[in-house]
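Descriptive analysis of the structure
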Amino acid sequence: MTSRAYISGIYEHPTRKADDKSLAQLHAEVARGALADAGLTMADVDAYYCAGDVAGWDMPGTGPFSMIDYLGLNIRHLDTTESWGSSYINHVSAAADAIAAGRCQVALITLAGRPRAEGAATGTAPRARGFSAAEAQFELPYGPVVTNLYGLSAMRHMHEFGTTSEQLAWIKVAASHHAQHNPHAMLRDVVTVEDVVNSPMIADPLHRMDCCVVSDGGGALIVVSPEVARTLNKPMVAIRGSGYSPQTTQGGWIDLTKSGAVISGPRAFAEAGVAPADIKYASIYDSFTITVLIQLEDLGFCAKGEGGRFVSDGRLIAGQGGLPVNTDGGGLCNNHPSNRGGMTKVIEAVRQLRRQAHPKVQVDNCDLALVHGTGGALAGRHGSATLILERE
Amino acid sequence: MSKQRIIPDPVTGPDTRQYWQAANEGTLLIGNCTACARTYFYPRPHCPHCFSDKVELIPAKGGGTVYSFSILRRVEVPYCLAYVTLDEGPSMMTNIVECDLHRIRIGDRVRLVFHASAGGQAVPMFTPTGHD
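Some details on the overall build of chain B
Helix and strand counts for chain B stand at one helix and eight strands. Overall, chain B shows an N-to-C arrangement of helices and strands of α-β-β-β-β-β-β-β-β. Scaling as 2.2 N^0.38, a compact globule of 132 residues should have a C-alpha radius of gyration of about 14 Å, and chain B matches this with 15 Å. Oriented by its inertia axes, the alpha-carbon framework of chain B measures out at about 45 × 30 × 25 Å. Taking all 132 residues of chain B together, the buried fraction comes to 38%. Within chain B, residue pairs in contact and separated by at least 24 positions form 47% of the contacts whose partners lie at least 6 positions apart.

Right under this line is the structure:
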C-alpha cells in the first residue's frame, strides 16, 4: 500500500545550550541536517512549515517570511500553523495533505529555540502572552504558569482515580533508563521512583523530576511524495493516520483529566486502520509525567483512570515493558528545545522505524509507531496532534 | 508581616466593564444563557454552549468547592492556583487565599473574597470555610 507521503529526512541538533548561535542560525543548521539525512538539497525543497518558535515570530505574520528569506528558500507552498509543542506533529500531517493535493513534493519542517541561552524561567514565570486573548483578564491575575497548570491536571487525576506520585514517577524512571544510552541527553543518570518523589516539590503535586528539561537546540523533518521517497536511499516511513483537535475550557464546565487526544487519537487510528494494541513504539509528549499518563489513557492504550497502573513497573521501558515510550529519553531527560516537544517525538519514532535507535532501546520488529503531542496547557486550552507511522 | 503576592492587574475590555465594576462593589458575576438555560464562565456577550446572544450576567452567591489546585512553591511568595466549581455550575480559575495553603484539599467548601490587584482592581478569590 502506498502512502500519500513519507518522512525521508530527520535531524536533531546535538546542542543543549546554544550561547554562540542565533535562533535563525539554529533553524538553518537543523534544515541542513535533515536535508543531508534525506540526501536532498535546499534546491529540492518546495514547501516550508514552521510555527511560533521561528525567528521573527514576534512580528506577527511576518516571522515565517523572514525565515524563508534568511534560509534562501524558493518554495511554492507554506504553512505556519501554530499550536505550541504539537505544531510539528500536525505539520507532518498537513504536509502529507499538501503533497497529496499536488501543492508540493518536498516539505521542510523546522523547530529551534534557545531558552537556556536567553535565561528564561520558562516553568515558573508567565510566558509572554497576548493580553488580547479573551480569557487573559480572567486568568492572568491568578498566576497560571506552566508547572501549576499541569499540576492542576495531576491533582484532579489523583483525586478522581487514585493516581499516585509513585505511579507518575515510573514515567520519569522509564525516560531515565532510555537516556542513559543517549550521549546527547541532558540527564543521563538512571533514577528510581524514590528519587522522583523525593525531589523538591515545584507545583503540587509535581516534583522537579516530574518536569521536563529546558534545553536549546531544535530539529527538522523532510516530508516527501511517494515518487521522491522511492528515489532516496532511506527506509520508507509512511504517514498512515493523523488527527488534530483542540481542548477548551467548555465555558467553565471543565474536565481536567482529559485532553484533546480523545478526538485526535481515535481519528488517527481509524484512518490508519489499526488499534492501540498494534503499536510497537510510542512517542508521547512528556512535558510533565502527568502529560504522558493522560495522553496514554485518551489514546486508548488503557482505560480512563487506569493510567497510573498502566505506566507502573517499567511498562514503558524498552526491552522490559509492553509499550516502549520515548526511547531517546524524551523531554524528561533528553531534550525539549524551545519548550516544544513535538519535533523530537517525531524524530525518535522515525529512528525506531528505521532501526536506527540506540541498540539498547531499539524495539524488535518495529513496524508501527505512534506520535502524540499536546501544545498549550493540559489544564485548559491546547492543541492535540496524533500521527501513526508505518515502515513499508 | 509576611510578604504578599502582587496580583497583576486584569487588562479589561469594553465587553467586561460590568464584570469588573461589580467586583469592585463586592459581587461576582457569571454568564447565564436565557436561550439554553446554562451558566458559563468566563462572561462574554454570547453563550459558549449554544452561541446565542440572549445572555445576561447574574450574581453568583459566592459559594463553591475546590475542583483542583496547585501550590507553586518555586517563587518568592508561594500561592495556590485553583479551579473552584461555583454552586451555579461552572468552574473558574482563581486563587485560594487566607488559609494554610498546605491544608487545601479538592472538595473543600470555599467562599468568595476579593483581593486588590496592584492597581486597585478587586479580583475575586476564595477562602476555605471549614479550615478552623
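Next comes the rest of the write-up.
Quick look at the nonpolar core
All names here are of chain A. With 161 residues, the main nonpolar core has Val92, Ala95, Ala107, Leu221, Val223, Val346 and Leu389 as its most contacted residues. Counting contributing residues per domain, this core is built from domain 1 (6-119 + 217-231) and domain 2 (136-213 + 237-391), each supplying no fewer than three. Setting aside anything within four residues of it in sequence, one finds Leu389 in contact with Ile7, Val237, Ala238, Ile239, Arg240, Ala349, Leu353, Ala369 and Val371.

Examining the interface of chain B and chain A
The interface is formed by 33 residues belonging to chain B together with 30 residues belonging to chain A. Listing elements by their share of the side of chain B that touches chain A, those giving two or more residues are β4 (63-72), β5 (79-86) and β6 (91-96) of chain B. The element contributing the most residues to the side of chain B that touches chain A is β4 of chain B, with six residues. Here the residues of the side of chain B that touches chain A are counted per class, giving 21 nonpolar, nine polar and three charged.

Looking at the sheet that holds strand β2 (residues 39-40) of chain B
Residue and element names in this part refer to chain B. Across the sheet, three strands lie side by side as β2-β1-β3; this open sheet has antiparallel pairing. In the strand order of this sheet, the two ends are held by β2 and β3 (55-59), each with one partner. The pairing of strand β1 (residues 29-33) with β3 spans five bridges and is antiparallel. For Cys33, the partnering residue across the bridge sits in β3 and is Val55.

Here's the deal with the pairing of strand β9 (residues 281-284) of chain A
All names here are of chain A. Residue alternation in β9 divides its side chains into two sets, Tyr281 and Ser283 and Ala282 and Ile284, and both sets are buried. In terms of strand pairing, β9 meets strand β10 (residues 368-376) through four bridges, oriented parallel. Bridging from a neighbouring strand, Ser283 pairs with Val371 of β10.

Describing helix α2 (residues 63-71) of chain A
Residues and elements named next belong to chain A. Listed as buried for α2 are Pro64, Met67 and Leu71. Angular distribution of buried residues about the axis of α2 spans 60°; they occupy a single face of the element. Along its buried surface, α2 packs onto α1 (23-38) and β3 (77-79). Gly72 occupies a position one or two residues after α2 and carries a positive phi of about 75°.

Some points on the domain arrangement of chain A
All names here are of chain A. Each domain of chain A was delimited in the assignment, giving domain 1 (6-119 + 217-231) and domain 2 (136-213 + 237-391). Of note, the centres of domain 1 and domain 2, computed from C-alpha atoms alone, are 23 Å apart. Between domain 1 and domain 2, the residue contacts involve 26 residues of the former and 32 residues of the latter. When residues of the side of domain 1 that touches domain 2 are traced back to their parent elements, those giving at least two are β1 (6-12), α3 (87-100), β4 (106-113) and β7 (217-224). At seven residues, the largest contribution of residues to the side of domain 1 that touches domain 2 is made by α3. A class-by-class count of the residues in the side of domain 1 that touches domain 2 yields 13 nonpolar, ten polar and three charged.

Regarding the packing of helix α5 (residues 146-161) of chain A against helix α10 (residues 289-299) of chain A
Residue and element names in this part refer to chain A. Orientation of α5 relative to α10, taken along the N-to-C sense of each, is 55°, at an axis distance of 9 Å. Regarding the angle of α5 to α10, the classification is oblique. In the crossing of α5 with α10, the sense of the turn from one axis to the other is left-handed. Packed against α5, whose contacting residues are Tyr150, Ser153, Ala154 and His157, the element α10 presents Ile290, Thr291 and Ile294 at the interface.

The rules behind these values
Residues numbered from 1 in each chain as written. Chains lettered and ligands numbered in written order. Predicted model: local features only at pLDDT ≥ 70, side-chain atom pairs only at ≥ 80, totals over all residues. Helix = DSSP H or I, 4+ residues; strand = E, 2+ residues; numbered from the N terminus. Rg over C-alpha atoms; globule rule 2.2 N^0.38 Å. Buried ≥ 20, exposed ≤ 12 C-beta atoms within 10 Å, placed from the backbone. Contact = placed C-beta atoms within 7 Å. Core = buried A, V, L, I, M, F, W, Y, C linked by C-beta atoms within 7 Å. Domains from an automatic or database assignment. Nonpolar A, V, L, I, M, F, W, Y, C, P; charged D, E, K, R; others polar. Pairing = 2+ DSSP bridges. Arc of directions from axis to C-beta. Axes fitted to C-alpha atoms, helices over the stretch in contact; angles between N-to-C directions. Parallel < 35°, antiparallel > 145°, perpendicular 65-115°, else oblique. Left-handed = near helix turned anticlockwise from the far one by under 90°.

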